[in-house]
Amino acid sequence: MEKELQENTSKVDSQKLSEILEEKDKEEQANNKKTAISKTLMEIYGLHTPTSAIIDYISNRKAYNTRLAIAVFLFITSVLPSIIMSDIFYIDSIGVLLMVLMVFAGVILIIKGNNLIKNDRNILINLELSEADYDLVNDEYNKWKANQTNRIILAVVLFILGIFVPIIIDEIFWLYYPLSEILASSSLFLTVGSGVFLILYQTLNLNVFKRLLKANQRKIY
């Protein structure tokens, strides 16, 4: 611009030069203002929900769901220490103590999980996914949905095993009564607990992406 002004200085008077400078300043100010407004709308007010907030929501929810599923597994299997300690070592108090500790660990997991998601509930209010974020969430939803049948079938198989395995164990080890009872009870609670864990892990995490897609208020073409 300076070179242009130097070349044209001899051809124009001071008034014309002043008009040229003023026009250039207005053009630059208009461009800067347009960029600033666009940046303000995108970053401050947001034309869509920030990607980082969506990723944090997914991560926190999945962590909470995993901890909740583990906690339920601990609640179901917490009776095993009491059975084992009572039938093998004849020490009921230690068995009860271990059971209480497992329940306590499950409660701690749930509390820690709740701390992760306590600030994430507001993201579903006025949620507006960009096209890229919508595709990301939709792809993850389809992946979890594709795995749902296999995980549900596996959980049902574990429930069935929980019925028949204790019977089989009891018949095999019928000469060793304390051992057969412990193994039968352990297999029952472990298989049922594992099945419940799989169902919770699958359905809860699937609902994370389902909620995001359902709450989205921005139409994606």
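Residues numbered from 1 in each chain as written. Predicted model: local features only at pLDDT ≥ 70, side-chain atom pairs only at ≥ 80, totals over all residues. Heavy atoms only, no water.

A. Focus on the packing of aromatic side chains. Considering all chains together, one arrives at two aromatic pairs under this definition. Between Trp 144 and Tyr 201 the ring centres are 5.5 Å apart and the planes differ by 55 degrees, which places this aromatic pair in the tilted class. Taken together, the positions of Trp 144 in helix α6 (residues 131-172) and Tyr 201 in helix α7 (residues 177-215) put the pair 57 residues apart, joining distant regions of the chain. Classification of Trp 144 as buried rests on a relative accessible area of 8%. A relative accessible area of 24% means that Tyr 201 is categorised as partly exposed. Both rings, one in Phe 197 and one in Tyr 201, keep their centres 5.8 Å apart while their planes meet at 15 degrees; by these two values the pair is stacked. (Phe/Tyr/Trp six-rings, centres within 6.5 Å; stacked < 30°, edge-to-face > 60°. Helix = DSSP H or I, 4+ residues; strand = E, 2+ residues; numbered from the N terminus. Buried < 20%, exposed > 50% of the residue type's maximum accessible area, 1.4 Å probe, protein only.)

B. The confidence of the model for the protein, seen in detail. On average, residues of the protein score 79 in pLDDT, and 73% of them are at 70 or above. Low confidence marks residues 1-10, where pLDDT is under 50. Its contacts with residues over four positions away, or in another chain, come to six contacts. (pLDDT = per-residue confidence, 0-100. Contact = heavy atoms within 4.5 Å.)

C. How the structure looks around the environment of Ala 184. With respect to the helices and strands, the residue Ala 184 is situated in helix α7. Sequence-distant contacts of Ala 184, that is, excluding residues within four places in its chain, are made with Pro 166 and Ile 169.

D. Summary view of a nonpolar patch on the surface. Together, Val 156, Ile 160, Ile 163, Phe 164, Ile 167, Ile 168 and Ile 172 give the surface a local cluster of nonpolar side chains, amounting to about 660 Å² of exposed area. The topology assignment puts Ile 167 in helix α6. Classification of Ile 167 as partly exposed rests on a relative accessible area of 45%. (Patch = residues over 30% accessible without salt bridge, like charges linked within 9 Å, V, L, I, M, F, W, Y side chains within 5 Å. Areas by Shrake-Rupley, 256 points an atom, 1.4 Å probe, with all protein chains shown as cover. Salt bridge = Lys/Arg side-chain N within 4 Å of Asp/Glu carboxyl O.)

E. The pattern of salt bridges, seen in detail. This model, assessed by the stated rule, comprises one salt bridge. Note that Glu 140 and Lys 143 form a salt bridge whose closest N and O atoms lie 3.6 Å from each other. Note that Glu 140 and Lys 143 are positioned in helix α6 at a spacing of three residues, about one turn of the helix.

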